[in-house]
Amino acid sequence: MVRMGPDVPLLNEYKQEFFWKRFPQTVLGGPRFKLGYCAPPYVYVNQAVLFLTPWLFGGIGTLLCQLQLLYELHAAVLSGTLMFAAAAGVQALALYAARRSGTVERLGAPNILVDEEEVEFTHCVSPETVRFIAPGKRFGLNVVLHTVVAGVLCGFGTWYVLLGRLTALYGSIGVSMVVFVLSWVTLCIAEYSLIVNTATETATFQAQDTYEITPLNRPLYIFIFIAVDLTDRFTDPVPELHLASQTLHVLFLFLPLLWALGILPPLDALLLWGMEQALVFGLGGSPMSSNLRLLLMFGVSTGVAVCNYFIPSTLGVVLFSISTGFLLSLDLSQVGTLCRGPSAAFKNHGLRRGGSLPPSPTYFGWNLGCRELLLYLSLLLVAMVEAGLLLHFLGSALAQSLITGPQGPISYLLLVLFFLCWTLREIQGAYIFGGVFLNPFYPKGMSNVQTFKQKNKGLYIAAAIRRVLLYLVSPFAMIAFLTMDKSLQSVHRVSISVGFTRAFRVVWQSSEDALLQMVVVVLVRLAAGNNILPGWANLGAGVQLLLVGLLIDRLSQFLAKLKFTLTVLVTSWTEKKQRRQSAGTLLALNALLCPLLLAVVTLSALLSAPLLPLFTLPIFLVGFPRPQRSWPGPVGTACPCPDSIFYQQMSGSLASALRTAFARGSLGSIAPGSHFLGRFQDRMVWIMILERGYGYCTVNIKGLELQETSCHTVEARRVDEVFEAAFERPERLGFPQGLNLHWGNALTPCAALAVRVYSDARNVLSGIIDSHENLRKLQDDFMKALIWLLLRYCVQRHKGFLWSTEEVSGIGAMKSQSSHLVQTTNQPSEGVMVESNVSSLRFRQDSSSLTSFGDWSDEDDLFGPQPARRTVALVTAEAQMGHSALQTGTSLPGSVEMDSLFENMALSALQPLQPLGLGIGMPAVDKGRNPEVFRESPHLNFSCPQSEAFNLPVGWRAAPLLPSRLLSVRPLFPEEWFRFSLGRFGLAVQGETSEDMTKALKEDEVLKELHAKVALSCLISLGAESAFTSPSYIYRLYCGDVPWTEGLEWLSSSKELYHLTLQAFRFSFKLLFDQASLGPMESPEELFSTLEEYERDWYIGLVTEKGWHDSVLQEKPYLFSLGHDITMGTYTGRVLSLQEQLVQVGRLNGEGVRGQWANLSWELLYATNDDEERYSIQAHPFMLRNLTVQAADPPLGYPIYSSAPLHFPCL
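In this text, all values refer to a predicted model and were calculated from it rather than measured experimentally.

Turning to the overall build of the protein chain, a few remarks are in order. Tallying secondary structure elements over the protein chain gives 41 helices and 13 strands in all. Considering the protein chain as a whole, with its 1211 residues, one finds that 55% of them fall into the buried category. Across the protein chain, the fraction of contacts at a sequence separation of at least 24, relative to all contacts at a separation of at least 6, is 76%.

Next comes the structure, spelled out in structure tokens:
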């Protein structure tokens, strides 16, 4: 975000012009009367004629019927036939025009300077004109289907609005004429959209209308109205049905307005929403995590309800309802996965590849073992036995009242259970009473996980008691209440059968909600006493619970929507950065039209539809009903980037923590459609509940971007303040009662969860990397680290942990293998391997492509990608492959670009330039015959037999360096450290511990000289025989961008030795960093153990390397990276440490999220307002508008991580 504030335009000028051309087209059903350029009059006349054609044909049928020349049915058939013929003609003309224009397009050259929407019209029926007015259908099947539907629609529409029928309904000719005229406007709009040109709907659910379903939306709603009218005509007189027909004829006139406002959902959204509502409130199920699961569960649940109706025995109905309700409330789709254990479950969801390790198999529910099967079978058996015994022994007493009958004690037990469960759940979170008051029992200011768990022990005990009462006691009490209800005697009535089918299922599916619903029913009955409430008592307990559940859900939605409405209204004025020039006018209009505003909120709650704030301004509309998930696509789509690995790593551990929090009630009442936000350091986790059943929950975990924009930062800061007030500094609340001063915020803190995550620490290395004292120590540390790695390499090879690709010679040397696997740990990525012929350009390109690290990335490129340059490493690598010819643009020796090649490095630190293997300007040297080049026999005579285990490959000791150069740096070899390390490693290769053997090994001069030569050759090849004096040179070596030296070609020819050398340098820099921070190493033992720790627990490299990515997913305990901030001119160190940390989690206002997502869908899919600086994506500290937009599913949102639906137990 670059621009912030209230003056950001809602729509830019281009989008405003586009919107005002599209919206009239939507209102009228497709005619394009506003083009933005001049068009001949016949274009508008043709569209008007086509628009009024259905009215013409319907008028003919109506006139003949009024003149009594045709019966009503025959008049409708005539109108429908005429419309069918006209529709067929239009489709045939459109097909012909498409073929003609296709030929013209192939022959002619397109003019790229002409606006893509501008059409050159030649005459009224030219192919261009026809294609502009009637584009035609993409599929032949739709041509036939839509043509038939157009004829049927016109015929039934004529029948629906016949003047005789309207006069019979309203008894007035004047009213009938008004309804007749306006009704035909509605019919013409639907016909035009179906046949001629389909308008873009404001109610858009899918981003693409692949199968051309949108043209059927408007005719479908008209057919619904017609079906009600035909039912009223051809059935016995029913006053309610006649009233409904009268009302719908009036509402029929307002269908164009409802279509334009986007209140009526498209077909796919209507189907999914209808099935979800029927499954939840009619059949006792839960919203599903996918469309396929919803369809299957709806079908199975409907089949159970139908079977219940036909079971003759009351006992059979009860037992069948209990058993099927219990089984359907379990997550049966995961049975196969659970049988394989938690590892398989996490692997199926993509977490095993890169998430925390799954929880211990000892935790209940993570696999389907004997304990789980025994518990489930026991619960089912006890429930069925309980119901059977109660029906058998108390069946004759079912007709008694609640107070005197057997339901009385159970009713009071339900009241007690509800009070205990509610109280024990409330004290689990940070706030109580709907987030208004601070919970005095919740621990505050706890940063240490162990201390936090210790302080929470009392709450854990209370949560365990609640869990037993809610999941093991309450279901049996509720089954007893239902079994003893007197309405079971009439179970074969449709309503009673459906009600009890739902009731016996919801007892298991959502025990907490079912307990609340039964308590409301009990309180109503207790309030009535011995009086009989007319109409209520005859419904039966099942239908009563259904109505109460629907009422509670709609009431909770109304309250949440009302809170969201007040937040938008109040903050549009109180927040200066949200106060637009129109804020006062909008507030005044909302105050003046307050009853209308409440009606909009109520209607959206009744329809379970999102409350849509247009452009997130206080202009509220009713969005079209849609499923709880809000999005049509599968769960788990994201816009991945390198930062996604951090969310992928923590997902498994977070799922385990959520499982515990759900079971304890720390996050409140968990219902599908709930949204939670987790915060830890710079990470934002968005959690959405998808399903909920008995003992399981399904969630989707999303990760938001780490590269914070200005808008993201503003909202993240407010999130931190909200969490800080709840968890860290409760004294800031200001009142002794502990009121939540952030109650109006969309986020309400709930609990802190212990999760295994990476803690990210970043340090500026000024004073460390540029300290001459530290740099002088770096050379010695490099030699020690390299010697340690060489010896460790020999030990691993001896034990068979790796196989060298080099030939190992000497006494008893093994022959080289043709293909071997190098199994070393902590290797740099392929980006630093010379064998892949990659120069330092590769590193800069890799680094610059990972922009998510912002100012802390390893290499920032302020001016974009640098032009390719061929460093010496690349030249030598090419020479190995036979690239002897000079490439175009290669600099000759003596004209090397110092600035580009060596960056900021001081010239004094550079080695004298050598010829790049080109043989220009220097005397020729025959390396094979030069007596000064060190040559030795491949066979070495070690004085100790164990020394053979520490022999090095022949290629490693064949460096093309003069003996004089090696002798000049010989004092740099740390002999004491070599002997100490050799003694420690010698114990690992000896069969039995022998002091004499260890002593002989240390005194082997041939072995010592061998390792000294290899180590010193590597030192010279890096250009480090003199002390490091330049931080830029150190950074280049750390990145693997080694400048050309005399021995670089030899070093790069051996992959393993190159890797070990680079790894040793990185180890030495980490030693420098640690010693500068913690003090110097006091003994060789401490240094040896430190290097062992680096090898075992650390990944030391670059964030752009694949090894970094893999180490995070494998949960390496620690990671270290060196970076360079070009803008600040500083070097930075980044340390990731894996540990259990407290992740603060809060509940979001679900209706606020759904409303903002509905506006996002309308704004991007209809208004196409994809401006990155639009008003509706700007920061809003109360609504968290920017974070909410990020969390939407792609392509509208852009979360960098989104998990597949995660199923985990919560008993």
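Additional details are given in the paragraphs that follow.
Tallied over the entire structure, the rule returns 39 salt bridges. The partner of glutamate 512 in a salt bridge is arginine 425, and the shortest N-O contact between them spans 2.7 Å. Placement of glutamate 512 in helix α21 (residues 511-528) and of arginine 425 in helix α17 (residues 407-426) is noted, with a sequence separation of 87 residues between them. Considered together, glutamate 512 and arginine 425 belong to a single accessibility category, that of buried residues. Note that arginine 970 and glutamate 975 form a salt bridge whose closest N and O atoms lie 3.2 Å from each other. Residue glutamate 975 is classed as partly exposed on the basis of its relative accessible area of 26%.

Below, the discussion takes up the packing of aromatic side chains. Under the criterion given, the structure shown has 46 aromatic pairs. Measuring from centroid to centroid gives 6.2 Å for phenylalanine 476 and tryptophan 508, while their planes differ by 90 degrees, and the two rings are edge-to-face. Pair noted here: phenylalanine 476 is in helix α19 (residues 457-483) and tryptophan 508 is in helix α20 (residues 494-509), with a separation of 32 residues, a long-range link. What makes phenylalanine 476 buried here is its relative accessible area of 14%. Between the aromatic rings of tyrosine 793 and tryptophan 956, the centroid separation amounts to 5.0 Å while the plane-to-plane angle is 35 degrees, which identifies the pairing as tilted. Here tryptophan 956 lies in the loop between α30 (898-902) and α31 (963-968) and tyrosine 793 lies in helix α27 (residues 772-798), a separation of 163 residues in the sequence. Members of the aromatic cluster, joined through ring pairs, are Phe19, Trp20, Phe23, Phe615, Trp1162 and Tyr1166. Over the ring of tyrosine 1175 we find arginine 580; its NZ or CZ atom is 4.8 Å from the centre of that ring.

Moving on, we come to the nonpolar core. Core analysis: the largest hydrophobic core is formed by 126 residues, its most contacted members being Leu482, Phe662 and Leu667. The leading source of residues in this core is α19, at twelve residues. Once you skip the residues sitting within four places of it in the chain, leucine 482 turns out to touch Leu488, Phe500, Ala503, Phe504, Val507, Met518, Ala541 and Leu545.

On the surface, Phe84, Val144, Val148, Val152 and Phe156 cluster together into a nonpolar patch covering about 380 Å² of accessible area. At four residues, helix α5 (residues 140-160) tops the list of elements feeding residues into the nonpolar patch. Within the element layout of this structure, phenylalanine 84 appears in helix α3 (residues 72-107).

Turning next to the side chain of aspartate 229. Residue placement: aspartate 229 occurs in helix α8 (residues 217-234). Residues within four places of aspartate 229 in sequence aside, it is in contact with Tyr160, Arg165, Ser245 and His249.

The next point concerns helix α7 (residues 173-195). The end-to-end C-alpha distance of α7 is 32 Å, a good match for the 33 Å that 23 residues give at a rise of 1.5 Å each. Here α7 starts with a cap whose side-chain oxygen sits 3.5 Å from the backbone nitrogen of valine 175, and that cap is serine 172.

Our next topic: the pairing of strand β10 (residues 1118-1125). The element β10 is largely enclosed, with a buried count of seven among its eight residues. Across four bridges, strand β9 (residues 1098-1101) lies against β10 in parallel orientation. Bridged to tyrosine 1099 within β10 is leucine 1119. Each parallel crossover has a hand, and for β9 linked through helix α39 (residues 1106-1113) to β10 it is right-handed. Where β10 meets strand β11 (residues 1130-1148), eight bridges bridge the pair, whose relative direction is antiparallel. Within the sheet, the bridge partner assigned to tyrosine 1118 lies in β11 and is serine 1137. A loop of four residues connects β10 with β11, the two strands running antiparallel in sequence, and glycine 1129 in this loop sits at a positive phi of about 70 degrees.

A separate point is the pairing of β11. Extensive coverage of β11 is indicated by the burial of 16 of its 19 residues. For strand β5 (residues 675-680) and β11, the ladder comprises five bridges, and the chain directions are antiparallel. The residue of β11 that forms the bridge with glycine 678 is valine 1145. Both strand β8 (residues 747-764) and β11 contribute to a ladder of 17 bridges, which runs antiparallel.

Once that is clear, we can look at helix α6 (residues 163-170). All of the buried residues in α6 are Leu163, Arg165, Leu166 and Leu169. Buried residues of α6, seen end-on, are gathered within an arc of 160 degrees and therefore sit on one face of the element. The inward-facing, buried residues of α6 abut α2 (41-66), α5, α7, α8 and α9 (239-252). Positive backbone phi, approximately 70 degrees, marks glycine 171, located one or two places after α6.

So, about the confidence of the model for the protein chain. Averaged over all residues, the pLDDT of the protein chain is 82; the fraction at 70 or higher stands at 81%. A low-confidence stretch, residues 803-935 stays under pLDDT 50, and its non-local contacts, those more than four residues away or across chains, total 203 contacts.

To continue, consider the side chain of lysine 137. In this fold, lysine 137 is placed in the loop between α4 (127-133) and α5. Although buried, lysine 137 forms no salt bridge, and the nearest oppositely charged side chain, glutamate 212, lies 5.7 Å from it. Within the structure, lysine 137 has its side chain in polar contact with the side chain of histidine 146 (distance 3.2 Å). Within the structure, the side chain of lysine 137 is placed 2.8 Å from the backbone oxygen of leucine 194, a separation counted as a polar contact.

Another point: the environment of glycine 955. With respect to the element layout, glycine 955 can be found in the loop between α30 and α31. You can call glycine 955 partly exposed: its relative accessible area is 32%.

Turning our attention to unusual backbone geometry. Note the cis peptide between proline 1194 and proline 1195, where omega equals 10 degrees. Unlike most non-glycine residues, glutamine 68 shows phi in positive territory, near 60 degrees. Among the secondary structure elements, glutamine 68 is positioned in the loop between α2 and α3. What makes glutamine 68 exposed here is its relative accessible area of 72%.

Moving on, we get to the packing of helix α25 (residues 644-664) against α39. Contact pair α25 / α39: the axes reach a minimum separation of 9 Å and the direction vectors enclose 20 degrees. The orientation of α25 with respect to α39, classified from their angle, is roughly parallel. Two packed elements cross with a definite hand, and for α25 against α39 that hand is right-handed. Contact with α25, carried on its side by Ile645, Phe646, Gln648 and Gln649, involves Trp1108, His1109, Val1112 and Leu1113 of α39 and no other residues of that element. Taken together, the residues of the contact of α25 with α39 break down into five nonpolar, three polar and no charged.

Tallied over the entire structure, the rule returns zero disulfides. Lacking any disulfide linkage, cysteine 639 is separated from the closest cysteine sulfur, that of cysteine 641, by 9.2 Å. Accessibility expressed as a relative area gives 32% for cysteine 639, which makes it partly exposed. Cysteine cysteine 697 remains unbridged, with the sulfur of cysteine 1210 as its closest cysteine sulfur at 5.5 Å.

The next point concerns the packing of helix α12 (residues 291-310) against helix α13 (residues 314-329). Geometry of a packed helix pair, given as the angle between the helix axes and the separation of the axes. For the pair α12 and α13, interaxial distance at closest approach is 10 Å and the crossing angle is 170 degrees. Taken together, α12 and α13 sit at an angle that is classed as roughly antiparallel. Packed against α12, whose contacting residues are Met297, Val300, Ser301, Val304, Cys307 and Asn308, the element α13 presents Val317, Phe320, Ser321, Thr324 and Leu328 at the interface. Residue classes in the contact of α12 with α13 are distributed as seven nonpolar, four polar and no charged.

Another aspect to go through is the environment of leucine 294. Turning to its location among the elements, leucine 294 is positioned in helix α12. Once residues lying within four places of it in the same chain are set aside, the contact partners of leucine 294 are Leu272, Met275, Glu276, Leu279 and Met288.

Thresholds, definitions, all that
- Residues numbered from 1 in each chain as written.
- Predicted model: local features only at pLDDT ≥ 70, side-chain atom pairs only at ≥ 80, totals over all residues.
- Heavy atoms only, no water.
- Helix = DSSP H or I, 4+ residues; strand = E, 2+ residues; numbered from the N terminus.
- Buried < 20%, exposed > 50% of the residue type's maximum accessible area, 1.4 Å probe, protein only.
- Contact = heavy atoms within 4.5 Å.
- Salt bridge = Lys/Arg side-chain N within 4 Å of Asp/Glu carboxyl O.
- Phe/Tyr/Trp six-rings, centres within 6.5 Å; stacked < 30°, edge-to-face > 60°.
- Lys NZ or Arg CZ within 6 Å of the ring centre and 35° of its normal.
- Core = buried A, V, L, I, M, F, W, Y, C linked by side-chain atoms within 4.5 Å.
- Patch = residues over 30% accessible without salt bridge, like charges linked within 9 Å, V, L, I, M, F, W, Y side chains within 5 Å.
- Areas by Shrake-Rupley, 256 points an atom, 1.4 Å probe, with all protein chains shown as cover.
- Expected span 1.5 Å × (residues − 1).
- Polar contact = N/O pair within 3.5 Å; in protein donor to acceptor, adjacent residues only side chain to side chain.
- Pairing = 2+ DSSP bridges.
- Right-handed = clockwise from strand over helix to strand, strands pointing away.
- Arc of directions from axis to C-beta.
- pLDDT = per-residue confidence, 0-100.
- Lys, Arg positive; Asp, Glu negative; His and termini not counted.
- Axes fitted to C-alpha atoms, helices over the stretch in contact; angles between N-to-C directions.
- Parallel < 35°, antiparallel > 145°, perpendicular 65-115°, else oblique.
- Left-handed = near helix turned anticlockwise from the far one by under 90°.
- Nonpolar A, V, L, I, M, F, W, Y, C, P; charged D, E, K, R; others polar.
- Disulfide = S-S within 2.5 Å.

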